[in-house]
Amino acid sequence: MQKRMGEAVARVARKVNDTVENKTDSLDLANCKLMTFPIGIYKAMRSVTEGIHNISLANNELKSLTSRFVTTFSQLRELNLAGNYLHRLPEEVTSLLHLRAINLSRNRFRRFPEPLAAVATLETIDLEENEIAAAKEPVSGFPSASLEETGRSWCPPKDVEVPVEKLATMASLRSLNLRANPVGPEVRLLVRPLIPFDLLLSPEEPVPKA
């Protein structure tokens, strides 16, 4: 166990040193068994943080992302946090004024991380394989979509785990991946032109026959 931990620490140090020495715009700390983002990295990289545009922390054991991380790496374009234990993001994410893509797949989100809705530059959001569902209370005043098969009208749910109205105002958003999430049937009705981006969902499972 200690040997594996020592190898992981050495791998992190090597990758950080490579980034600093070569002044690259990427930091890849995927598969490093990280439970938290090492505090020492902030000091080691203080001379190059403004030039870091891409960070991968995929496939670690992170349970949270700190505000210090977000404010330190404020010039991020892409952030890969797939395969961790995250269930929320800090409000400071809204300060990432250049972020174009974020991968949060295979985490523990039960609700859409709403700070992302305030990041105007985001083009792709990947939340595949989380635990995001939707409530069923309608919101008044939102344009309804006619359901031919039922003859009823539909409105986006109130207090939903997917804040559709906020997302619809994100001018740069092109794709939201919610595959392998337990979203309700209401969310499946959200197609263009009701929303201005591609919503990726898993196929509905067939209803078992009695």
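Preceding block: the structure.
On a predicted model such as this, the values are computed, not experimentally measured, just so you know. Sequence order as written defines residue numbering, which begins from 1 separately in each chain. Only residues with pLDDT of 70 or above have their local features reported here, since the model is predicted, and side-chain atom pairs are shown and tallied only from 80 upward, although totals for entire chains, interfaces and linings are computed over all residues. Based on all heavy atoms of the structure, the side-chain values leave hydrogens and waters out of the count.

**Overview of the overall build of the protein**
Then, number 1: Strands here are runs of E lasting at least two residues and helices are runs of H or I lasting at least four, both read from the DSSP assignment and numbered beginning at the N terminus. Within the protein one finds 5 helices and 9 strands.
Then, number 2: Its helices and strands in sequence order give the protein the pattern α-β-α-β-α-β-β-β-β-β-α-β-α-β, from N to C terminus.
Then, number 3: Burial classification: accessible surface area is computed with a 1.4 Å probe over protein chains only, and a residue below 20% of its type maximum counts as buried, one above 50% as exposed, and the rest as partly exposed. Considering the protein as a whole, with its 210 residues, one finds that 41% of them fall into the buried category.
Then, number 4: In this analysis, two residues are considered to be in contact whenever any of their non-hydrogen atoms come within 4.5 Å of each other. Intrachain contacts of the protein at a sequence separation of at least 6 include 51% that bridge at least 24 residues.
Then, number 5: We get accessible surface area from the Shrake-Rupley algorithm with a probe of 1.4 Å; when it comes to residues, only the shown protein chains can shield them. Surface accessibility of the protein: about 11900 Å² in total, with carbon and sulfur atoms responsible for 51%.

**Notes on the side chain of Ser74**
Then, number 1: If you trace the backbone, Ser74 turns up in the loop between α3 (67–72) and β3 (78–80).
Then, number 2: For Ser74, a relative accessible area of 18% corresponds to the buried category.
Then, number 3: Contacts described as polar in this section are N or O atom pairs within 3.5 Å, which, within protein, must combine one atom able to donate a hydrogen with one able to accept it, while residues neighboring in sequence count only if both atoms come from side chains. At 3.4 Å, the side chain of Ser74 forms a polar contact with the side chain of Gln75.
Then, number 4: In this structure Ser74 touches Glu50, Leu96 and His98, once residues within four positions along its chain are discounted.

**Concerning the pattern of salt bridges**
Then, number 1: Throughout this description, the term salt bridge denotes a Lys or Arg side-chain nitrogen within 4 Å of a carboxyl oxygen of Asp or Glu. Overall, the coordinates contain 2 salt bridges when judged by the stated rule.
Then, number 2: A salt bridge links Arg110 to Glu131; the shortest N-O distance between them is 3.4 Å. With Arg110 in the loop between β4 (101–103) and β5 (124–126) and Glu131 in the loop between β5 and β6 (145–147), the pair connects residues that are 21 residues apart, well separated along the chain.
Then, number 3: For Glu131, a relative accessible area of 30% gives the class partly exposed.

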